Amino acid sequence: MVTKTEETQLNRLENQVDNGGGGAWEYLCLVKKLKVRRPDKVLRHGLSILNDPKKRSALGPDGRLEGILLEAKGLWAEAEKAYSSLLEDNPLDPVLHKRRVAIAKAQGNFPTAIEWLNKFMADHDAWRELAEIYVSLQMYKQAAFCYEELILSQPTVPLYHLAYADVLYTLGGVENILLAKKYYASAIDLTGGKNTKALFGICLCSSAIAQLTKGRNKEDKESPELQSLAAAALEKDYKQRAPAKLLLLTSALKSLKTS
Amino acid sequence: MGELKYELSQNAYIKLVLHARKHKTAAVNGVLLGRVSPQNDAVVEIADSVPLFHSHLGLLPNLEISLIMIEEHYSAQGLGIVGYFHANERFDDLELDSIAKNIGNHICRYFPQCAVLLLDNKKLEALPKGKDRSPVMQVSAVFVCIELSNYGVSVSFLAIKRFWL
């Protein structure tokens, strides 16, 4: 939130800079700090700083700012060129890689984004982004692979278990759904039984498995207790948080069990 | 095949627009609920809508659970799922992607006059500044003519596509 003093300071600086006085740098810093949206002014003054060679050297050895400004203007090609040239000097810089991928994504160029993300695999955010892109393109097997990598590197984050289970369920097939059930269970384990999505996931998995194995001989390895436990936990949760919807929940769960 | 009209109620429309505006940087979707008008077989009344997701639209479990619960809830009011709403992540993207098509097709199986609404982001941006109230619309499928009743806001930003099975 912007306080009164900060706002007056911002306005004063804005007037000063607009009228050709100095202080553009302070203005930009303040805008960034307050996260105020003033894209045209930032662009104008930012570019004026960058174009002034004296001040540019004071900015620092890399031209990341220039790349970001080009991006904000929408000049994707130039921004991409800037980042690529910077990347030649610093091939391991995660920020630059991410900006390049963001450009590709913003242009709708998913194959390029995927290719670039695949080159740069050292970062959790990168894996997550890649998994999301795959899901949106319905390439679930590849998305599952990304989530597996994430779980390997950070096994105690329930979010990844949950997302992996979701993708497995979407892929379908008895083995995948069995595996998904295990990962929903581990997500519940990691969150102490409070994750509603995981609880629902277990109910869905159990009913899907029951449907898929209807014809075969039932080797009841997975006990039905898990589903009833999950259902009971959901009902308790709803009673506490949304008692009006409890009836809805019970009828939905019933239809899952019987379908 | 005849002509079909869709009546989109203000409630349904506002909910979807607000949902899209709230999650400006993500793709969002939702379901449309309604019924065939009891007076006229060729009119589908879209009485309400339920915004669904703003992330991971392509994942099945959430969709299944939400559809089950939505159907249960609205069947008590005599309404069924009659359509699907989608807004793309990118500003200039006016294509209906495969996820939306799959969901639309699936709904069509149960309700043949299913409608799929795609939000035109450019017109959504212009909405707060626009002052004209005449419904200017892009209709991009044959057999569909949209009649909108009871509106306080310009509806110029809906592009409507419809799927037959």
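These numbers were taken from a predicted model, which means no experiment stands behind them.

A.B. asks: Give a detailed account of the overall build of chain B, specifying residues and quantitative values.
C.D. replies: Helix and strand counts for chain B come out as four helices and eight strands. Helices and strands in chain B line up, N terminus first, as β-α-β-β-α-β-α-β-α-β-β-β. In chain B, which comprises 165 residues, the proportion classed as buried is 50%. Contacts spanning at least 24 positions in sequence make up 71% of the contacts within chain B whose residues lie at least 6 apart. Accessible surface, chain B: about 8,000 Å² in total, of which carbon and sulfur atoms supply 54%.

A.B. asks: Describe the overall build of chain A, and please don't skip the residues or the numbers.
C.D. replies: On a plain count of helices and strands, chain A comes out with 15 helices and zero strands. Counting all 259 residues of chain A, 40% fall into the buried class. If you take every contact in chain A between residues at least 6 apart in sequence, the share linking residues at least 24 apart comes to 42%. On chain A, roughly 15,100 Å² of surface is accessible, and the fraction owed to carbon and sulfur atoms is 55%.

A.B. asks: Break down the nonpolar core for me, with residues and values.
C.D. replies: Counting residues in hydrophobic clusters, the biggest one holds 57 residues, and the most contacted among them are Val167(A), Tyr169(A), Tyr184(A), Leu249(A) and Met69(B). Top element by residues in this core is helix H13 (residues 196-212) of chain A. It accounts for nine residues. Among all residues touching Val167(A), those that are not within four sequence positions of it are Val135(A), Tyr140(A), Ala143(A), Ala144(A), Tyr147(A) and Leu59(B). The next biggest cluster of nonpolar side chains, apart from the first, holds 41 residues, and it includes Val50(B), Ile103(B), Cys114(B) and Val116(B).

A.B. asks: Could you give an account of helix H14 (residues 225-241) of chain A, with specific residues and numbers?
C.D. replies: Residues and elements named next belong to chain A. In this model H14 runs 24 Å from its N-terminal to its C-terminal C-alpha over 17 residues, within 8% of the 24 Å that 1.5 Å per residue would give. Residues Gln227, Ala230, Ala231, Leu234, Asp237 and Tyr238 constitute the buried set of H14. Viewed end-on, H14 has its buried residues packed into an arc of 125°, placing them on one side of the element. The outward face of H14, more than 90 degrees from its buried face, is lined by the exposed residues Glu225, Leu229, Lys236, Lys239 and Gln240.

A.B. asks: Describe in detail the interface of chain A and chain B, supporting the description with residues and values.
C.D. replies: Across the boundary between the two partners, chain A contributes 26 residues, which contact 17 residues of chain B. Summed over both sides, the interface between chain A and chain B buries roughly 1,800 Å², with carbon and sulfur atoms accounting for 64% of that surface. The tally of links between chain A and chain B comes to zero salt bridges. Linking chain A to chain B there are six residue pairs in polar contact (both at pLDDT 80 or more). Taken together, the elements giving at least two residues each to the side of chain A that touches chain B come down to helix H7 (94-106), helix H9 (124-136), helix H10 (140-153), helix H11 (158-171), H13 and helix H15 (246-258) of chain A.

A.B. asks: Can you explain the packing of aromatic side chains? Please cite residues and give values.
C.D. replies: Residues and elements named next belong to chain A. Taken as a whole and judged by the stated rule, the model has three aromatic pairs over all chains. Judged by centre distance (6.1 Å) and plane angle (80°), the rings of Trp127 and Phe145 are edge-to-face. Of the two residues, Trp127 sits in helix H9 while Phe145 sits in helix H10, which places them 18 residues apart along the sequence. Using a relative accessible area of 44% as the deciding quantity, one classes Phe145 as partly exposed.

A.B. asks: Kindly report on H9(A), identifying the contributing residues and their values.
C.D. replies: The end-to-end C-alpha separation of H9(A) is 19 Å, in line with the 18 Å expected for 13 residues at 1.5 Å each. For H9(A), the complete set of buried residues consists of Ala126(A), Trp127(A), Leu130(A), Ala131(A), Ile133(A), Tyr134(A) and Val135(A). Those residues of H9(A) that are buried are in contact with H7, helix H8 (110-119), H10 and H11 of chain A together with helix H3 (98-110) of chain B.

A.B. asks: Requested: an account of the confidence of the model for chain A, with residues and values cited.
C.D. replies: The share of residues in chain A with pLDDT of 70 or more is 71%, and the mean pLDDT across the chain is 77. Every residue in residues 53-61 of chain A is under pLDDT 50, and counting partners more than four places away or in other chains gives seven contacts.

A.B. asks: Mind laying out the pattern of salt bridges, listing which residues take part and the relevant values?
C.D. replies: Inspection of every chain in the model, using the stated rule, returns three salt bridges over all chains. Among the ionic pairs, Arg241(A) bridges to Asp237(A), the shortest N-O distance being 2.8 Å. Linking Arg241(A) with Asp237(A), this pair stays in helix H14, spanning four residues, or about one helical turn. Taking the relative accessible area as the measure of exposure, Asp237(A) reaches 16% and is therefore buried. In this structure, Arg35(B) and Glu45(B) form a salt bridge, with 3.3 Å as the shortest nitrogen-oxygen distance. A residue pair is termed long-range when its members are at least 10 positions apart, and Arg35(B) in strand E2 (residues 28-36) and Glu45(B) in strand E3 (residues 43-53) qualify at ten residues.

A.B. asks: Which residues make up the pairing of E3(B), and what are the values?
C.D. replies: Residues and elements named next belong to chain B. Among the eleven residues of E3, nine are classified as buried, and the element is accordingly described as predominantly covered. Alignment of E2 against E3, held across eight bridges, turns out to be antiparallel. Across the sheet, residue Arg35 finds its bridge partner in E3, namely Glu45.

A.B. asks: Residues and numbers for the pairing of E2(B), please.
C.D. replies: All names here are of chain B. Taking burial as the measure, the nine residues of E2 include seven buried ones, the bulk of the element. Two elements, E2 and strand E4 (residues 80-87), share seven bridges in a ladder whose sense is antiparallel. The residue of E4 that forms the bridge with Val28 is Ala87.

Calculation rules
Residues numbered from 1 in each chain as written. Chains lettered and ligands numbered in written order. Predicted model: local features only at pLDDT ≥ 70, side-chain atom pairs only at ≥ 80, totals over all residues. Heavy atoms only, no water. Helix = DSSP H or I, 4+ residues; strand = E, 2+ residues; numbered from the N terminus. Buried < 20%, exposed > 50% of the residue type's maximum accessible area, 1.4 Å probe, protein only. Contact = heavy atoms within 4.5 Å. Areas by Shrake-Rupley, 256 points an atom, 1.4 Å probe, with all protein chains shown as cover. Core = buried A, V, L, I, M, F, W, Y, C linked by side-chain atoms within 4.5 Å. Expected span 1.5 Å × (residues − 1). Arc of directions from axis to C-beta. Buried area = accessible area lost by both parts, 1.4 Å probe. Salt bridge = Lys/Arg side-chain N within 4 Å of Asp/Glu carboxyl O. Polar contact = N/O pair within 3.5 Å; in protein donor to acceptor, adjacent residues only side chain to side chain. Phe/Tyr/Trp six-rings, centres within 6.5 Å; stacked < 30°, edge-to-face > 60°. pLDDT = per-residue confidence, 0-100. Pairing = 2+ DSSP bridges.

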